[in-house]
Amino acid sequence: MHDLISIKDLNRELIEELFLLADKYNKNRHAGGFEDKVVAGAFFEPSTRTALSFETAAKMLGAEYIGFRSWEGTSLAKGENLADTIRMLDNYADCIVMRHPNDGAARFAAEIAEKPVVNAGDGKNEHPTQSVQDLYTIRNSFGKIDGLTYGFVGDLHYARAVNSLLLALNMFKPKKVYFISPESLTVRGEVLRTLNYKYEALADPNKVIDEIDVMYITRIQKERFTDPYEYKKVEASYRVDLALAEKMKSSAIIMHPLPRINETDRGIDRTKHAKYFAQASFGVPVRMAVLSKILGGKR
Ligand code: NCD
């Protein structure tokens, strides 16, 4: 594996291999073995979990971690272009982890860099390591990913975490997938056209809530709207409350890539359905697995 730009760069076999590595790192977080490596984090967009879990993962593997968390602190603020910034990181590090507000920015970086590039989120496009983490959470909850009914709730139009996970499910056999959102926030056509499983879009979750095994919620991706008026129209258009969560099957789980704003009732935290904090904690072992695979070799 060289770059990880899209979830489509992986296949089911590789994903399952990453799960086994993540299991190993979950048991032994201070694994080390990569003391001769440097990982660079280039975060051009806000991040808490992704940036910190990549940094923690690199350090747990024994690697050095360098980088920046906002472009304001870099020479981009002086007018340097992205390509030159990438060329520099390519000199200093063995692997570049990049988050950027523009769709396609990670692919662009991978074309310039000789070292591997890992996409930590590019615009509304993809967030592949989040998907591996999400799939790992599902597999750890149910022992499988196939045969389950999924309900995606919220901003399915701009959320890159949803986008990558929908593409990832093409490699598995979901029983059915529901897209629950206001019409203007449903999955984009270019994504829908590539899905190889049964799906249905609807606005009211109550109709299907008792069928769902995995509910995946996202916040409205306010920063992706070009027109503030369009955002205002959907701002408070959905919310998963405790009453809805209580209608779920007892084994059902609720996931969220976080951050959450006000689309999720905090009361859900106390229910057995809430899996989002466990999901977030898997960010470290899963990213250790990804980095170790990319940095190479058996150690
Ligand atoms: C997500 C992202 O940045 O795409 N956050 C994350 O990485 N956990 C989801 C979001 O911002 O809503």
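Up top you'll find the structure we're talking about.
Residues numbered from 1 in each chain as written. Predicted model: local features only at pLDDT ≥ 70, side-chain atom pairs only at ≥ 80, totals over all residues. Heavy atoms only, no water.

Trainee: Explain the pattern of salt bridges here, please?
Mentor: Two side chains carrying opposite charge are able to pair once their charged atoms lie near each other. The tally for this structure, following the rule as stated, stands at 16 salt bridges. In this structure, E16 engages R12 in a salt bridge whose closest nitrogen and oxygen atoms are separated by 3.0 Å. Taken together, the positions of E16 and R12, both in helix α1 (residues 12–27) and four residues apart, correspond to about one turn of that helix. Looking at R12, the relative accessible area reads 27%, which means it is partly exposed. Residue R87 is joined to D84 by a salt bridge in which the shortest nitrogen-to-oxygen separation is 2.7 Å. Residue R87 and its partner D84 are both found in helix α3 (residues 82–92); the two are separated by three residues, about one turn of the helix. What makes R87 partly exposed here is its relative accessible area of 42%. With a relative accessible area of 29%, D84 lands in the partly exposed category. A single network of salt bridges, built from pairs that share partners, joins R12, E16 and D146. (Salt bridge = Lys/Arg side-chain N within 4 Å of Asp/Glu carboxyl O. Helix = DSSP H or I, 4+ residues; strand = E, 2+ residues; numbered from the N terminus. Buried < 20%, exposed > 50% of the residue type's maximum accessible area, 1.4 Å probe, protein only.)

Trainee: Would you mind showing me how to read the side chain of R160 here?
Mentor: When you line up the elements, R160 lands in helix α6 (residues 160–168). With residues near it in sequence (within four places) discarded, R160 still touches E45, R99, H100, G121, D122, G123, K124, N125, E126, H127 and R224. (Contact = heavy atoms within 4.5 Å.)

Trainee: Help me understand the sheet that holds strand β9 (residues 253–255) in this model?
Mentor: To summarise the sheet geometry, strands pair through backbone hydrogen bonds and adopt either a parallel or an antiparallel arrangement. Spatial strand order, β7-β6-β5-β8-β9: five strands in an open sheet with parallel pairing. With partners counted over all chains shown, the strands left at the sheet margins are β7 (199–202) and β9, one partner each. Neighbour-to-neighbour, the strand axes of the sheet open up by a mean angle of 20°, direction not taken into account. Alignment of strand β6 (residues 176–180) against β7, held across four bridges, turns out to be parallel. Across the sheet, V177 pairs through a bridge with Y199, a residue of β7. Running over the sheet, helix α5 (residues 128–142) touches β5 (149–153), β8 (214–217) and β9 and is turned about 170° from β9. (Pairing = 2+ DSSP bridges. Axes fitted to C-alpha atoms, helices over the stretch in contact; angles between N-to-C directions.)

Trainee: What is the right way to look at the packing of aromatic side chains in this model?
Mentor: For any pair of aromatic rings, the description consists of the separation of the ring centres together with the inter-plane angle of the planes. Taken as a whole and assessed by the stated rule, the structure comprises nine aromatic pairs. Both rings, one in F152 and one in F179, keep their centres 6.4 Å apart while their planes meet at 55°; by these two values the pair is tilted. Of the two residues, F152 is situated in strand β5 and F179 in strand β6; the sequence distance between them amounts to 27 residues. According to the relative accessible area criterion, F152 is buried, its value standing at 1%. Relative to F277, the ring of Y276 has its centre 5.1 Å away and its plane inclined at 75°; by these criteria the two rings are edge-to-face. By relative accessible area, which is 46% here, F277 ends up partly exposed. Members of the aromatic cluster, joined through ring pairs, are F152, F179, Y199 and Y216. (Phe/Tyr/Trp six-rings, centres within 6.5 Å; stacked < 30°, edge-to-face > 60°.)

Trainee: I'm lost on the sheet that holds strand β3 (residues 95–100) in this one. Help?
Mentor: Strand order in the open sheet made by the four strands is β2-β1-β3-β4, with parallel pairing throughout. Across the chains shown, the open sheet's two edge strands, defined by having one partner strand only, are β2 (64–68) and β4 (117–122). Geometrically, the sheet is characterised by an average inter-axis angle of 15° between neighbouring strands, direction not taken into account.

Trainee: Quick question: what am I supposed to make of the pairing of β6 here?
Mentor: The side chains of a regular strand alternate, residue by residue, between the two faces of the sheet. Taking burial as the measure, the five residues of β6 include five buried ones, the bulk of the element. Every second residue of β6 is oriented toward a common face, with K176, Y178 and I180 on one face and V177 and F179 on the other, all of them buried. Sheet analysis places β5 next to β6, joined by five bridges and oriented parallel. Across the sheet, residue G151 finds its bridge partner in β6, namely Y178. A crossover connection joins β5 to the parallel β6 through α6; in handedness this β-α-β unit is right-handed. (Right-handed = clockwise from strand over helix to strand, strands pointing away.)

Trainee: How should I be thinking about the packing of α3 against helix α4 (residues 105–112) in this particular structure?
Mentor: If you want to describe how two helices pack, look at the angle between their axes and the distance between the axes. Packing of α3 against α4 brings their axes to within 9 Å, and their N-to-C directions diverge by 55°. Comparing their axes, α4 and α3 come out oblique. Two packed elements cross with a definite hand, and for α3 against α4 that hand is right-handed. Taking contact as the criterion, the partners of L82, A83, I86, R87 and D90 in α3 are, on α4, F108, A109 and I112. (Parallel < 35°, antiparallel > 145°, perpendicular 65-115°, else oblique. Left-handed = near helix turned anticlockwise from the far one by under 90°.)

Geometry only, nothing functional implied.
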